[in-house]
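Secondary and tertiary structure notes
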Amino acid sequence: MSARDTTSLDDDHQPRAAAGYVGQPIRRVEDRRLLTGRGRFVADLALDGAVHLVVVRASHPAATIAAIDIEAARALPGVLGVWTGADIVAAGLGGIPWELPPPGAESAALGDPAVASPQSLLANGRVRYQGEPIAVAVAETLGQAEDAAERVEIDYAAEPAVTGTRAALASGAPRLWPHCVGNVCFRHAVGDTARTAAAFARAAHVVELATDIPRLIQHPMETRGYVGAYDAATDRFTLHAAAGKPQTVGRALARDIFGRTPDAVRVIARDVGGGFGAKNPLYAEAALVLWSARKLGRPVRWIASRSDAAMSDVQARDQCADAALALDQDGRILGLRVAMLANLGAYLGPRGVTPALMPMRMITGVYDIPALDLSVCAVHTNTVPTCPYRGAGAPEAVFVVERLLDLAAQRLGLAPGELRRRNLVPAAAMPYRTVLGATYDSGDFLANM
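Here is a short report on the structure shown in this document. Bear in mind that the values here come from a model prediction, so they are computed numbers and not experimental data. (Residues numbered from 1 in each chain as written. Predicted model: local features only at pLDDT ≥ 70, side-chain atom pairs only at ≥ 80, totals over all residues. Heavy atoms only, no water.)

Here the focus is the overall build of the protein chain. Helices and strands together make up the secondary structure of the protein chain, namely 13 helices and 19 strands. Taking the principal axes of its C-alpha atoms as reference, the protein chain extends roughly 80 × 65 × 40 Å. Within the protein chain, buried positions represent 48% of all 449 residues. Across the protein chain, contacts joining residues at least 24 apart in sequence account for 78% of those joining residues at least 6 apart. Total accessible area computed for the protein chain in this model is approximately 20,400 Å², and 52% of it derives from carbon and sulfur atoms. If you average the places of the 45 positive and of the 46 negative side-chain charges in the protein chain, the two averages end up 4 Å apart. (Helix = DSSP H or I, 4+ residues; strand = E, 2+ residues; numbered from the N terminus. Buried < 20%, exposed > 50% of the residue type's maximum accessible area, 1.4 Å probe, protein only. Contact = heavy atoms within 4.5 Å. Areas by Shrake-Rupley, 256 points an atom, 1.4 Å probe, with all protein chains shown as cover. Lys, Arg positive; Asp, Glu negative; His and termini not counted. Charge placed at Lys NZ, Arg CZ, Asp CG, Glu CD.)

Okay, the pattern of salt bridges next. In total, this model carries 22 salt bridges according to the counting rule given. Put simply, Arg403 and Asp406 hold a salt bridge, and the shortest N to O gap is 3.9 Å. One end of the pair is Arg403 and the other is Asp406, both in helix α11 (residues 394-412) and three residues apart, which spans about a single turn. Judged by relative accessible area, Arg403 falls into the partly exposed class, the value being 30%. (Salt bridge = Lys/Arg side-chain N within 4 Å of Asp/Glu carboxyl O.)

All right, on to the layout of surface pockets then. The volume enclosed by the largest pocket comes to roughly 330 Å³. Forming the boundary of the largest pocket are 17 residues, of which Val54, Val55, Glu146, Ser305 and Asp308 lie nearest the centre. Those elements giving two or more residues to the lining of the largest pocket turn out to be β3 (51-57), α4 (142-150), β14 (300-303) and α8 (306-312). For the lining of the largest pocket, the element with the most residues is β3, which contributes six residues. (1 Å grid on protein atoms, 1.4 Å probe; cavity = no way out; pocket = protein on both sides within 12 Å on 5 of 7 lines; lining within 4 Å. Points joined across faces, edges and corners; volume = space filled by probe spheres on them.)

The tally for this structure, following the rule as stated, stands at two cavities of 30 Å³ or more. By volume, the largest cavity amounts to about 180 Å³. For the largest cavity, the lining is made up of 17 residues, of which Ile96, Gln119, Tyr129, Tyr283 and Pro385 are closest to its centre. The space that makes up the second largest cavity amounts to roughly 50 Å³. Looking at the lining of the second largest cavity, the elements with two or more residues in it are β15 (316-327), β16 (333-345) and α9 (353-357). Here the residues of the lining of the second largest cavity are counted per class, giving five nonpolar, four polar and one charged. (Nonpolar A, V, L, I, M, F, W, Y, C, P; charged D, E, K, R; others polar.)

Rendered as structure tokens:
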């Protein structure tokens, strides 16, 4: 359609008026094709001459790689190449950088290793989480590539690891990065400490909560997958990806991995069978299929197994909170104090900052909270990096406040709903400015409840 067209097509290819969307039932356009098996996913793509890539992953959460023997793997039938971190270094490929700076590093260059080290496409000399990519095998068939991957011999020198969020701060905990004292990547605080202390001093009731919100692994119906191709005539890459943000991935591949201009990498995302956040960032496998395709002159495909997904997809949540809520005699909130601890995993993921800092925007929620003292500490552990997933830190913040309100209702002998009603921001207060500085332009939370 041209820019002047004023109609669009529904799933029966019948035109409908472009105006009048608000308040109207709009028919979905993709369902019939997907429900009748006509979806086009990465795993369905069959490029001529495509070969298969399999990743060899770390079996230890923390270890030095003393040696890697790939000769037996290279000698197997159908194997086209076996490569390690040393090959990545020799090729001059970049690592996966953080994209959003932590507090205090806003002026730092993207991926500055002094802030947080980019993750190498293949670990070179050291692994920091179980499942970290160490080597790849490429072969004519998937079975041959899997056989080659199993023949890669890795000599590890295992080291002490720390995986627990609270344990990362313990005295004597193994340290992941020399520049992160006590495994702390960053700290940040908002609110008014003195005002909150005064609110607690005059409170009739104080309830406290210490809670751990566990880590989760995302499992969309379609696992991650990439098919990479290279055109020697134009010196350009094409990546077919199960990607939620293909433009972002393409720019990162060009700029950070290959040191090229953005037009050097085209990323095509067709149907995506669920994502929830896990398919949005750049991953090593996306770069590895492109690099391998250029080396071999043939398309290269990698489709994650469920084991791959569990060990390599960015994970989520994994935050702890020590919190307290101060209330007056009638159950109205006077102040909130929260110290949150966020587990970043072994590396600061491309947008790993977001879930850690989201409570600083969301924690007061729909409640009138006049005083707040909120601090966040983000730590590294020997685990898969965490990144945004389904709310990206907002559900963690809401969970903490709602649990405090349940405890307060029990303390005061009130129904949980009644205590909440007493503390909702009233519609008459709109536009309402929260203690964090956000403005709610409208809302009737009591009616919603």
